[in-house]
Amino acid sequence: METQPIITIPFIPGDGIGPEIMAAAQTVVDQSLEKAYGGKQRINWLECPAGKTAFEKTGQWLPAETLQTLKSHTASIKGPLTTPVGGGIRSLNVAMRQEMDLYVCQRPVRWYEGLPSPLRNPAGLDVVTFRENTEDIYTGIEYPAASPQQQAWLNSFRAAMPEDYAKIAHPEQCGIGIKPISKPNSQRLVRAAIQWALENKRKRLSIVHKGNIMKYTEGAFRAWGYEVADIEFTDETFSLQRYQAILKAGGAQSAEAVKKQALADGKLWVDDVIADVTFEQLITRPQQFDVIATTNLNGDYISDAIAALAGGVGVSPGANINYESGRAVFEANHGSAESLAGQNKANPSSLILSAVMMLRFLKLGEAADRIDQALAATIRAGQVTFDLAAQIPGAQLLGTREFAAAIISRL
């Protein structure tokens, strides 16, 4: 990707605290570009309406013009959006991801010295989750109990598969949800995760699933993921599945020797972990995880859980990316917090760190590194917003704008 002197970045300010944290993030980004490149690299910020603000002005939650603008640019960034209640778009975020086929929800979580954590020793916590972003529960196929759609589905299911229908408890009072997981979408997600892990010199990729129970969805995701690792990346990876095959054929000593040599050669270790075991291991020894590739619902739970271990979603960035088309929308991971709007209290860290991801995506690594290091130094100095100050003894309480200024002073 060739960098241009002026890059146009569409942005959606968001609802609630969105405009405040977006302004803070933009100021930090602009200053970092100035410091890193001396005015030779700038961003032209192009505002696009979406969410509650857009609905009040246009009657549309996600105007077609906004969607087209996002599609026509390499990178965009958005603040938190209020999801309509009782009608309209099921979820603005989901609609955007599916319309643009942003099949990776990428969420890196790193513990910064000074952040509160429930862990006794959070040092070294640095996990990147690749969550499938277009199917599974995001397909949105659900029928409420006793609805005409549910009745029609149950009738056809009973006629076609009476033995399976008999397993449903209280069918007339049962909500129905359908969970599709496909081979192409699973494999492109794992492929992107492996490529990213290799490019960023990571050491382990874990395929997280619930395949011990859901064998033809979650279990298939695991199997398809190993196919990608073992067939497409034979020379760059060494998987648990290959290890087990050597173990079966040649014994433990042979398998261990091959694994040891593969890891010494810098190959990426690819294994799989059942979802509930992943939670247990994240709590007891999170430093062993590196990159996680997982299905949609698992990824939602896991990425928030990891964020909680490293200070909360307020310091957890995120991006929705199509690595094949080269399009991405970066975003804050938290909600719009309407009750805090206009008070100069909100923590902009999630959106600022999402902007760091965006800069790296655009090959502007020096500016990204400056922000990352300055934010880390600001937190280490105990200068934080109210959500963190309440958990850090002796912290200096800063407002949204003042926190951004503190980061800028350290660029």
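Data block above holds the structure.
First things first, this report covers the structure right here in the doc. (Residues numbered from 1 in each chain as written. Predicted model: local features only at pLDDT ≥ 70, side-chain atom pairs only at ≥ 80, totals over all residues. Heavy atoms only, no water.)

Focus: the sheet that holds strand 8 (residues 204–209)
Working definition: the strands of a sheet are paired by backbone hydrogen bonds and lie parallel or antiparallel to each other. Formally: Criterion used throughout: strands pair if DSSP finds at least two bridges between them. Under the scheme used here, helices are H or I runs from DSSP no shorter than 4 residues and strands are E runs no shorter than 2 residues, and both carry numbers assigned from the N terminus. The convention used is that axes are lines fitted to C-alpha atoms, helices contributing only their stretch in contact, and that angles between N-to-C directions extend from 0 to 180 degrees. Note on definitions: a residue-residue contact is assigned when non-hydrogen atoms from the two residues lie within 4.5 Å.
Taken together, the 11 strands give an open sheet; going across it, the order is 2-1-3-13-12-4-5-11-8-10-9, and neighbouring strands pair in mixed fashion. Single-partner strands in this sheet number two, and they are strand 2 (42–47) and strand 9 (237–239). Sheet twist, expressed as the mean angle between neighbouring strand axes with direction ignored, is 25 degrees. The sheet contact formed by strand 3 (residues 75–78) and strand 13 (residues 327–332) spans 4 bridges and is parallel. If you follow Ile-77 over to strand 13, its bridge partner there is Phe-330. Here helix 1 (residues 18–37) sits on the sheet in contact with strand 1 (6–12), strand 2, strand 3 and strand 13, set at roughly 160 degrees to strand 2.

A word on the side chain of Gln-187
Worth spelling out the cut-off: We call a residue buried when its accessible area falls under 20% of the maximum for its residue type, exposed when it is over 50%, and partly exposed in between, using a 1.4 Å probe and counting protein chains only.
Relative to the elements of secondary structure, Gln-187 occurs in helix 7 (residues 183–199). You can call Gln-187 buried: its relative accessible area is 11%. With sequence-adjacent residues up to four places away left out, Gln-187 is seen in contact with Trp-224, Glu-227 and Val-228.

Some words on the environment of Gln-31
Relative to the elements of secondary structure, Gln-31 occurs in helix 1. Measuring from C-alpha to C-alpha, the distance between Gln-31 and Ile-371 comes to 9.3 Å, with 340 residues separating the pair along the chain. Ignoring any residue separated from it by four or fewer positions in sequence, one finds Gln-31 in contact with Ile-408 and Leu-411.

Here's the deal with the packing of helix 14 (residues 365–380) against helix 16 (residues 400–408)
The test is simple: Should the near helix be turned counterclockwise from the far one by less than a right angle, the crossing is left-handed, whereas a clockwise turn marks it as right-handed. For this classification, the nonpolar set comprises Ala, Val, Leu, Ile, Met, Phe, Trp, Tyr, Cys and Pro, the charged set comprises Asp, Glu, Lys and Arg, and every other residue, Gly included, is treated as polar.
For the pair helix 14 and helix 16, the least separation of the axes is 8 Å and the interaxial angle reads 115 degrees. Crossing angle aside, the handedness with which helix 14 passes helix 16 is right-handed. Seen from helix 14, the contacting residues are Ile-371, Ala-374, Leu-375 and Thr-378; seen from helix 16, they are Phe-403, Ala-406 and Ile-407. In terms of residue class, the contact of helix 14 with helix 16 is made up of 6 nonpolar, 1 polar and no charged.

Things to note about the pattern of salt bridges
For the record, the criterion: Any carboxyl oxygen of Asp or Glu within 4 Å of a side-chain nitrogen of Lys or Arg constitutes a salt bridge here.
Throughout the structure, instances matching the rule amount to 19 salt bridges. Glu-331 is paired through a salt bridge with Arg-97; the nearest N and O atoms lie 2.8 Å apart. Of this pair, Glu-331 sits in strand 13 while Arg-97 sits in helix 4 (residues 92–99), placing them 234 residues apart in sequence. No difference in accessibility class separates Glu-331 from Arg-97, as the two residues are buried. Linking Glu-218 and Lys-179 is a salt bridge whose minimum nitrogen-to-oxygen distance equals 2.9 Å. You can see Glu-218 sitting in helix 8 (residues 218–232) and its partner Lys-179 sitting in the loop between strand 7 (176–178) and helix 7, a full 39 residues away along the chain. What you see here is one network of salt bridges that share partners, running through Lys-78, Arg-97 and Glu-331.

Brief notes about helix 14
Here is the rule we go by: Each residue after the first adds 1.5 Å to the expected span of a helix.
Over its 16 residues, helix 14 runs 22 Å from end to end, which matches the ideal 22 Å to within 8%, given 1.5 Å per residue. Positioned one or two residues after helix 14, Gly-382 has a phi angle of 80 degrees, which is positive.

Topic: the pairing of strand 10 (residues 268–274)
Within strand 10, 6 of the 7 residues are buried, which leaves it mostly tucked inside the rest of the structure. With 6 bridges joining them, strand 8 and strand 10 adopt parallel strand pairing. Within strand 10, the residue paired with His-209 across the bridge is Ile-274. When strand 9 meets strand 10, the two strands line up parallel, connected through 3 bridges. Looking across to strand 10, one finds that Phe-238 is bridged to Trp-269.

Some remarks on the nonpolar core
Side chains that are nonpolar tend, in soluble globular proteins, to be buried together. Put simply, the test is: Definition of nonpolar core: a set of buried residues of the types Ala, Val, Leu, Ile, Met, Phe, Trp, Tyr and Cys, connected through side-chain atoms within 4.5 Å.
In this structure, Ile-9, Ile-77, Phe-130, Leu-205, Phe-330, Met-358 and Leu-359 are the most contacted members of the largest nonpolar core, which totals 101 residues. The dominant element in this core, judged by the number of residues it contributes, is helix 13 (residues 349–361), at 9 residues. Aside from chain neighbours lying at most four places away, what touches Phe-330 is Ala-75, Ser-76, Ile-77, Lys-78, Gly-318, Ala-319, Ser-354, Met-357, Met-358 and Phe-361. Judged by nonpolar contacts, the second largest core, of 14 residues, contains Ile-12, Leu-62, Leu-92 and Ala-95.

Structural notes on the packing of helix 11 (residues 275–284) against helix 12 (residues 296–309)
Basically, it comes down to this: Note that the term roughly parallel is reserved for angles under 35 degrees, roughly antiparallel for angles over 145, roughly perpendicular for angles of 65 to 115, and oblique for everything else.
Packing of helix 11 against helix 12 brings their axes to within 11 Å, and their N-to-C directions diverge by 5 degrees. Accordingly, the angle class assigned to the pair helix 11 and helix 12 is roughly parallel. Of helix 12, the residues touching helix 11 (which contributes Ala-275, Thr-278, Phe-279 and Leu-282) are Asn-298, Tyr-301, Ile-302, Ala-305, Ile-306 and Leu-309. Split into classes, the residues belonging to the contact of helix 11 with helix 12 amount to 8 nonpolar, 2 polar and no charged.

So, the environment of Tyr-103
Short version of the rule: Polar contact is defined as a pair of N or O atoms within 3.5 Å, subject to the rule that within protein one atom must be able to donate a hydrogen and the other to accept it, and that residues adjacent in sequence are counted only when both atoms are side-chain atoms.
By secondary structure assignment, the location of Tyr-103 is in the loop between helix 4 and strand 4 (104–110). On a C-alpha basis, the gap between Tyr-103 and Gly-219 in space is 20 Å, while along the polypeptide they are 116 residues apart. Those residues within four positions of Tyr-103 in sequence are excluded, and the remaining contacts are Arg-131, Glu-132, Asn-133, Thr-134, Arg-188, Leu-189, Ala-192, Ile-321, Asn-322, Tyr-323 and Glu-324. A polar contact of 3.4 Å, which involves the side chain of Tyr-103, links it to the backbone nitrogen of Tyr-323.

Let's talk about unusual backbone geometry
We note that Ala-146 has phi near 70 degrees; this positive angle belongs to a residue other than glycine. Unlike most non-glycine residues, His-170 shows phi in positive territory, near 50 degrees. Inspection of the secondary structure assignment puts His-170 in the loop between helix 6 (162–165) and strand 7. A relative accessible area of 60% places His-170 in the exposed class.

Considerations on the pairing of strand 13
In terms of burial, strand 13 is a largely internal element, 5 of the 6 residues being buried. Relative to strand 13, strand 12 (residues 317–322) runs antiparallel, the two being bridged by 6 bridges. Across the sheet, the residue bridging to Asn-320 is Val-329, located in strand 13. The antiparallel hairpin formed by strand 12 and strand 13 contains 4 residues in its connecting segment, where Gly-326 sits at a positive phi of about 75 degrees.

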